[in-house]
Amino acid sequence: QVQLVESGGGLVQPGGSLRLSCVVSGGVFSINDMGWYRQARGKERELVATISSGGSTTYADSVKGRFTISRDNAKNTVALQMNSLKPEDTAVYFCKARIFHYGIVSQIYWGQGTQVTVSS
């Protein structure tokens, strides 16, 4: 089974940095678009950043210039470098991937999330 596992979350002071990683494993597949979403307590899940199979990126306005999404296709990983963190960045961050099994069947997978807390 395909699994997405996030890591790198934690507690950081405002202005600090964290790097999140997501590893995809579990079968014969190819990965198309990937993205990071976040959900703060009591709020809806929102898109943070996306990256296509070719490396094109998009960012939410709230994180543009502070966050950078990247991927390593050889290692089936996607990362989110978060700089100049603000308290409003506090949320559970989820990895999302569109995966093609045997190049035919497309499915969307989610990781279980990693907590990011920005506080003094």
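The structure displayed is predicted, hence computed values, not measured ones. (Residues numbered from 1 in each chain as written. Predicted model: local features only at pLDDT ≥ 70, side-chain atom pairs only at ≥ 80, totals over all residues. Heavy atoms only, no water.)

1. What to know about the sheet that holds strand S7 (residues 67-72)
Here is step 1: Spatially, S1-S3-S8-S7 is the arrangement adopted by the 4 strands of the open sheet, whose pairing is antiparallel. The outermost strands of the open sheet, each flanked by one partner alone, are strand S1 (3-7) and S7. Strand-to-strand twist across the sheet, computed as the mean angle between neighbouring axes with direction ignored, equals 15°.
Here is step 2: In terms of strand pairing, S7 meets strand S8 (residues 77-82) through 6 bridges, oriented antiparallel. Of the residues in S8, the one forming a bridge with Phe-67 is Met-82. (Pairing = 2+ DSSP bridges. Helix = DSSP H or I, 4+ residues; strand = E, 2+ residues; numbered from the N terminus. Axes fitted to C-alpha atoms, helices over the stretch in contact; angles between N-to-C directions.)

2. Remarks on the side chain of Thr-114
Here is step 1: Structurally, the position occupied by Thr-114 is in strand S11 (residues 114-118).
Here is step 2: Here Thr-114 is in contact with Glu-6, Ser-7, Gly-8, Gly-9, Leu-20, Ala-91, Val-92 and Tyr-93, once residues within four sequence places are set aside. (Contact = heavy atoms within 4.5 Å.)

3. What about the pairing of S8?
Here is step 1: In terms of residue burial, S8 counts as a mostly covered element, since 5 of its 6 residues are buried.
Here is step 2: Remark: 4 residues form the turn of the hairpin made by S7 and S8, two consecutive strands paired antiparallel; Asn-76 in that turn has positive phi of roughly 55°. (Buried < 20%, exposed > 50% of the residue type's maximum accessible area, 1.4 Å probe, protein only.)

4. Quick word on the environment of Glu-46
Here is step 1: Tracing the backbone through its elements, the reader meets Glu-46 in strand S5 (residues 46-51).
Here is step 2: Those residues within four positions of Glu-46 in sequence are excluded, and the remaining contacts are Tyr-37 and Arg-38.

5. A short note on the side chain of Arg-38
Here is step 1: On the secondary structure map, Arg-38 appears in strand S4 (residues 29-39).
Here is step 2: In this structure the side chain of Arg-38 is engaged in a polar contact, spanning 2.8 Å, whose partner is the side chain of Glu-46.
Here is step 3: At 2.9 Å, the side chain of Arg-38 and the side chain of Asp-89 are in polar contact.
Here is step 4: Dropping the residues within four chain positions of it, Arg-38 is found in contact with Glu-44, Arg-45, Glu-46, Val-48, Ser-62, Val-63, Phe-67, Glu-88, Asp-89, Ala-91, Val-92 and Tyr-93. (Polar contact = N/O pair within 3.5 Å; in protein donor to acceptor, adjacent residues only side chain to side chain.)

6. Some details on a nonpolar patch on the surface
Here is step 1: Together, Val-28, Tyr-102, Ile-104 and Val-105 make up a nonpolar patch on the protein surface, roughly 480 Å² of accessible area in all.
Here is step 2: Its location among the elements puts Tyr-102 in the loop between strand S9 (91-101) and strand S10 (105-110).
Here is step 3: Judged by its relative accessible area of 65%, Tyr-102 is exposed. (Patch = residues over 30% accessible without salt bridge, like charges linked within 9 Å, V, L, I, M, F, W, Y side chains within 5 Å. Areas by Shrake-Rupley, 256 points an atom, 1.4 Å probe, with all protein chains shown as cover. Salt bridge = Lys/Arg side-chain N within 4 Å of Asp/Glu carboxyl O.)

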